[in-house]
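# Working through the structure, step by step
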Amino acid sequence: MASRVFGGGLVLAAALGAWAPAWGQGGGVAAAPPVVQADAPGRWIRGESDHFIVYSDRSEALIRRYVTMLEDFDSVLRMLHGKAEAETPRKLPLYLLSSSRQLRRTIPGADERMQGVYLTGVEDIFVLAIRDDSNSYDRNNGDDTVLHEYTHHFMMQYFPDAYPGWMVEGLAEYYKTIDLQMKKVQIGDFSRGRASSLLNDKWLPMSDLLSKRPSQFDRDQVLTYYAQSWLLTHYVWSDKERRKKLQVYLDLVRDHGDPMASWTKVYGQDGPALEKALRTYMNKPLLALNLTREPPKPQIAFSRLPAGADDLILEIQQLKLGVAKAEAPALLVKFQEAAAKRPGEYYSRLALARAEIELGDRAKGEAILKTLLDERPSDLETLQVMAYSRLETARRMARTPADRDKAKAIYADAANYLGRAHKLDDDNYLTLYGYAETKSMDREPSQNTLNVVFRAATIAPQNPAIRTNAARLFIRAKQYEIARELLEPVAGNPHGGPQARRAAQLLSTLEGKADGEALKPATAAAASGEGDKDAPGG
């Protein structure tokens with residue numbers, strides 16, 4: 001989706017700057033901020049390149065190898081999909097882990113077999129990956145999961161649309177087996193695990209493969225689903241004529257055509273004929289795509305994180321995702337004890353403030369944040385944490401009619417912090433998305449609010465809540481075409497769960513509606529998120 005500008009343009013600086021408090025104004029000389037001692041370094045290292053930020057507690061050499069691989073893979077995707085010069089509005093953070101034990105510091109219930117996971121919370125979109133350099137026979141060093149998930153991330157960033165589940169997963173499977181050599185790239189190899197499924201497991205009916213999502217199959221069938229999705233994608237991708245017909249097929253399905261009947265109409269194959277073609281195709285030598293290119297030599301800036309990260313870096317990521325009520329007390333104690341070890345460290349105090357806000361005493365957490373901002377008035381993360389804490393308080397108050405005036409005042413307070421954050425980074429999706437929420441009590445969203453929330457969704461299109469809530473604002477503004485663009489990828493996400501169902505329900509309310517046309521009151525209330533805890537102000 002291209003970045004759009006509506007109406008009078010993206011008036012971010014004026015809008016956000018107008019909320020900022022009058023610091024630096026009036027008579028007198030402003031007091032200089034206190035000199036703050038830098039936090040002592042710990043084990044965790046941060047490596048930043050053009051498109052990625054990678055964290056590890058092991059070595060710069062590991063990060064360098066990993067970032068080089070990621071940048072190479074990204075450059076190949078860009079070359080193949082015509083995005084070599086496309087902007088990268090947000091770098092993807094990855095946390096390189098050494099064990100399942102570290103993984104469970106962020107995801108307590110993670111399966112022992114999990115090697116990596118891609119997570120899309122509102123506060124962060126990031127990857128956790130267990131990096132295994134021990135297997136010399138695996139050309140991707142155990143990174144298949146990361147390459148699979150990065151393909152999803154890339155396609156959502158530059159080609160957000162409603163795709164069938166088999167294609168979403170099949171394309172990620174197709175690219176994950178890439179062989180990145182010094183002068184050559186080979187694409188189209190097979191995964192040994194997927195090959196085993198194809199050879200040994202009972203195949204799913206083609207009609208089910210074309211129409212269903214992974215969540216609609218049981219555990220054993222899911223493995224077969226991924227394998228067949230890879231094979232079908234390989235079959236289509238390897239032939240120019242089949243690939244040319246794909247867009248016609250996708251258009252039919254998006255127009256509510258039956259997936260199997262639409263396939264038969266476009267490709268001339270019913271279910272049994274398609275299965276026979278795929279079985280024949282897999283028993284022939286696979287057609288690999290070979291490309292010659294000069295691999296990138298990324299510039300990587302290294303820094304060492306404060307010592308508090310040794311105890312809390314992965315727990316902070318857990319906070320961003322949300323913590324189960326049963327786990328909250330023990331996790332809060334962990335933050336409190338870790339912060340007590342380093343009472344003067346900025347990093348640990350900010351982490352503790354997050355934990356108090358999310359799990360304990362919000363007022364106590366905000367008091368810590370105010371102290372931190374006295375020390376470092378221009379710390380972007382601290383400003384955003386404070387703003388989002390204020391937004392949550394306002395959101396809860398707005399649900400009670402008697403408290404709506406108080407909610408407006410707290411929204412304005414959040415806006416002050418966001419205005420300061422915007423001056424530090426004027427294209428940060430958290431700041432922009434927060435701005436849109438401060439306006440959630442407006443009767444009608446202004447064009448500038450729409451511009452800002454659309455930009456937030458463009459920077460972070462992978463997050464379903466941001467896309468869905470942006471769509472709600474466009475629905476309130478009776479701009480249904482853009483709302484549909486925002487909702488369709490969420491509704492079509494094969495792993496979307498309740499969020500996908502919610503987006504599909506919203507889309508159904510827009511069926512047949514033209515821009516500017518009024519919705520029925522009950523439909524408008526549902527579309528605006530009234531009563532939905534995930535909707536701003538809801």
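Please refer to the structure higher up on the page.
The following refers to the structure shown.

Turning next to the environment of V127. Mapped onto the secondary structure, V127 falls in strand β5 (residues 125-130). On the basis of relative accessible area, V127 is assigned to the buried category, the value being 4%. It is 4.6 Å that separates the C-alpha atoms of V127 and L94, two residues lying 33 residues apart in sequence.

Moving on to the layout of surface pockets. Volume-wise, the second largest pocket comes out at about 1200 Å³. Secondary structure elements with two or more residues in the lining of the second largest pocket: β1 (41-48), β2 (52-56), β3 (92-97), β9 (301-306), α12 (308-321), α14 (346-359), α16 (380-398) and α18 (429-438). Within the lining of the second largest pocket, the residues separate by chemical class into 19 nonpolar, 3 polar and 14 charged.

Our next topic: the nonpolar core. If you look at the biggest cluster of nonpolar residues, it comprises 105 residues, and the most contacted ones within it are W166, L232 and W263. With 10 residues, helix α8 (residues 219-237) is the largest single contributor of residues to this core. Ranked by size, the runner-up nonpolar core spans 44 residues in total, among them L305, L314, A353 and L418.

Moving on, we come to unusual backbone geometry. With a phi angle near 75°, H256 is a residue other than glycine that sits in the positive phi range. With respect to the helices, strands and loops of the structure, H256 is situated in the loop between α9 (240-254) and α10 (259-267).

A few words on the side chain of S49. Among the secondary structure elements, S49 is positioned in the loop between β1 and β2. In this view, S49 contacts V67, E71, K91, P298, Q299 and I300; residues no more than four positions away in its chain are not counted.

What follows is about the packing of α14 against α16. Look at α14 against α16: their axes get within 11 Å of each other, and the N-to-C directions meet at 10°. With respect to α16, the axis of α14 lies roughly parallel. Taking contact as the criterion, the partners of Y346, L350, R354 and I357 in α14 are, on α16, E381, T382, V385 and S389.

Counted according to the given criterion, the structure contains 14 aromatic pairs. With a centroid separation of 5.1 Å and an interplanar angle of 55°, the aromatic rings of F52 and Y150 are classed as tilted. One end of the pair, F52, is in strand β2; the other, Y150, is in helix α4 (residues 144-158), with 98 residues separating them in the sequence. Taking the relative accessible area as the measure of exposure, F52 reaches 0% and is therefore buried. Aromatic ring contacts, followed pair by pair, group F52, F73, Y150, F154 and Y158 into a single cluster.

Here we come to helix α11 (residues 271-282). Owing to its 3.6 residues per turn, the α-helix brings residues three or four apart onto one side. When the terminal C-alpha atoms of α11 are compared, their 17 Å separation across 12 residues agrees well with the 16 Å that a helix rising 1.5 Å per residue should span. Turning to α11, its buried residues number three or more, namely G271, L274, A277, L278, Y281 and M282. Seen end-on, α11 carries its buried residues on one side only, within an arc spanning 130°. Turned more than 90 degrees from where α11 packs its buried face, P272 and K276 sit exposed. In this fold, the buried residues of α11 make contact with α6 (192-200), α7 (206-211), α8, α9 and α10.

Rules used in this analysis
Residues numbered from 1 in each chain as written. Predicted model: local features only at pLDDT ≥ 70, side-chain atom pairs only at ≥ 80, totals over all residues. Heavy atoms only, no water. Helix = DSSP H or I, 4+ residues; strand = E, 2+ residues; numbered from the N terminus. Buried < 20%, exposed > 50% of the residue type's maximum accessible area, 1.4 Å probe, protein only. 1 Å grid on protein atoms, 1.4 Å probe; cavity = no way out; pocket = protein on both sides within 12 Å on 5 of 7 lines; lining within 4 Å. Points joined across faces, edges and corners; volume = space filled by probe spheres on them. Nonpolar A, V, L, I, M, F, W, Y, C, P; charged D, E, K, R; others polar. Core = buried A, V, L, I, M, F, W, Y, C linked by side-chain atoms within 4.5 Å. Contact = heavy atoms within 4.5 Å. Axes fitted to C-alpha atoms, helices over the stretch in contact; angles between N-to-C directions. Parallel < 35°, antiparallel > 145°, perpendicular 65-115°, else oblique. Phe/Tyr/Trp six-rings, centres within 6.5 Å; stacked < 30°, edge-to-face > 60°. Expected span 1.5 Å × (residues − 1). Arc of directions from axis to C-beta.

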